[in-house]
Amino acid sequence: IQADILYKQGQAFEGQRMWNESVAIYKRALELMPHEDYYLLFLGRAQLELARQTQDAVLRQNLLNQALTTLMEAQAQNPLNTDHTANLARLYRNWGELTAEAGERERLWQQSLAYYEKATRLSPNAAHLYNEWGLVHFMLADLYQRQGQAERAEEQWQLAQARYDRSLALDQEFAQTYLLLGDLRRTRGDMAGAAEAYRKALDLEPDQPQVWSALGYVYAQLGRLDDAIAANQQVLAYAPRDPSSHRNLALLYQQA
């Protein structure tokens, strides 16, 4: 009971994004109940968030290694819990994003892909896991494209598409999937297809300023200036202080 009270206090700190405090509280809970894999799950997540926030490269590396150790222990204690495998996939995905060296970034993302494959074997009907899996393929495609490796980039884009297709087969009302599809199509130059996907995402969840902004961009690329203006006005309806949308509107009005 005492351990669970501490764990809930850690969650309260986490809700305020006070990650140092939540890490300390979760560790105290684990001192009382060292084999509670759920406490380990939240501790590892808090350690990852601390790593994402710090600007100190050495401290970041230490925190990422701590998070890896914590999440590996959680998985070892309850290997059939999909959350533990998925969290390892997320750790490697974020680790790659925080890494500057391209070869190391690729290695980390490949490790992330392997864990997403395991997670979807444990929970084959979890649409969000296929979306996350596809996102890593998308990021790898961008990495390869920047390196001039067109064939490898194309392969990763196709794999990302396959993961999103699987997600849609499981749940056609999941707005995130359409957002990811829109990003994929936009990157590949299919602006009309991207607009269609973003519109579907907004039909399902209209209060997404980032999707309205993306839709405004593709409308501008298609020469649909009035629609682009309307989309950016929608961004400001939800985020009135967003500077990018004010700048976009200034440019769009100038063009119109």
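Residues numbered from 1 in each chain as written. Predicted model: local features only at pLDDT ≥ 70, side-chain atom pairs only at ≥ 80, totals over all residues. Heavy atoms only, no water.

(A) A look at the packing of aromatic side chains. Throughout the structure, instances matching the rule amount to 9 aromatic pairs. A centroid spacing of 5.0 Å and a plane angle of 65° characterise the contact between Tyr-38 and Phe-42, whose relative ring orientation is edge-to-face. Within this pair, Tyr-38 and its partner Phe-42 are both found in helix H3 (residues 37-53), separated by 4 residues, close to a single helical turn. Aromatic pair Tyr-130 and Trp-133: ring centres 6.0 Å apart, planes at 35°, arrangement tilted. With Tyr-130 and Trp-133 both in helix H7 (residues 127-146) and 3 residues apart, the pair spans about one turn of that helix. Each member of the pair, Tyr-130 as well as Trp-133, carries the same accessibility label: buried. Grouping aromatic residues by their ring pairs yields a cluster made of Tyr-7, Tyr-26, Tyr-38, Tyr-39 and Phe-42. The residue whose ring lies beneath Lys-118 is Tyr-115, and the NZ or CZ to ring-centre distance is 4.9 Å. Above the ring of Trp-133, the side-chain terminus of Arg-163 is found at 3.8 Å from the ring centroid. (Phe/Tyr/Trp six-rings, centres within 6.5 Å; stacked < 30°, edge-to-face > 60°. Helix = DSSP H or I, 4+ residues; strand = E, 2+ residues; numbered from the N terminus. Buried < 20%, exposed > 50% of the residue type's maximum accessible area, 1.4 Å probe, protein only. Lys NZ or Arg CZ within 6 Å of the ring centre and 35° of its normal.)

(B) Fine view of the pattern of salt bridges. Within the structure shown, the criterion is met by 14 salt bridges. Arg-188 is paired through a salt bridge with Glu-154; the nearest N and O atoms lie 2.3 Å apart. Here Glu-154 lies in helix H8 (residues 150-170) and Arg-188 lies in the loop between helix H9 (175-187) and helix H10 (191-204), a separation of 34 residues in the sequence. Residue classification places Arg-188 among the partly exposed residues on the basis of a relative accessible area of 38%. Its relative accessible area of 28% is what places Glu-154 among the partly exposed residues. Residue Arg-199 is joined to Asp-203 by a salt bridge in which the shortest nitrogen-to-oxygen separation is 3.5 Å. Linking Arg-199 with Asp-203, this pair stays in helix H10, spanning 4 residues, or about one helical turn. (Salt bridge = Lys/Arg side-chain N within 4 Å of Asp/Glu carboxyl O.)

(C) Just the nonpolar core, in detail. Ranked by size, the top nonpolar core spans 78 residues in total, and within it Leu-91, Trp-95, Tyr-164, Tyr-198, Leu-215 and Val-218 carry the most contacts. Ignoring any residue separated from it by four or fewer positions in sequence, one finds Leu-215 in contact with Ala-195, Tyr-198, Arg-199, Leu-202 and Ala-231. (Core = buried A, V, L, I, M, F, W, Y, C linked by side-chain atoms within 4.5 Å. Contact = heavy atoms within 4.5 Å.)

(D) Representation of H3 within the structure. Its 17 residues give H3 an end-to-end C-alpha distance of 25 Å, which sits within 8% of 24 Å, the value for a rise of 1.5 Å per residue. With respect to burial, H3 is a largely interior element, 13 of its 17 residues being buried. (Expected span 1.5 Å × (residues − 1).)

(E) Inspection of helix H2 (residues 19-32) at higher detail. With 14 residues, H2 ought to run about 20 Å at 1.5 Å a step, and its terminal C-alpha atoms sit 20 Å apart, in line with that. Taken residue by residue, H2 has Trp-19, Ser-22, Val-23, Ile-25, Tyr-26, Ala-29 and Leu-30 as its buried positions. Residues of H2 that are buried make contact with helix H1 (2-15) and H3.

(F) The packing of helix H5 (residues 82-97) against H7, seen in detail. Packing of H5 against H7 leaves a shortest axis separation of 11 Å and a crossing angle of 25°. If you check the angle between H5 and H7, you find them roughly parallel. Our pair here, H5 against H7, has a crossing hand that is left-handed. Where H5 abuts H7, its residues Thr-82, Ala-86, Arg-90, Arg-93 and Glu-97 lie against His-128, Leu-129, Glu-132, Val-136 and Met-139. (Axes fitted to C-alpha atoms, helices over the stretch in contact; angles between N-to-C directions. Parallel < 35°, antiparallel > 145°, perpendicular 65-115°, else oblique. Left-handed = near helix turned anticlockwise from the far one by under 90°.)

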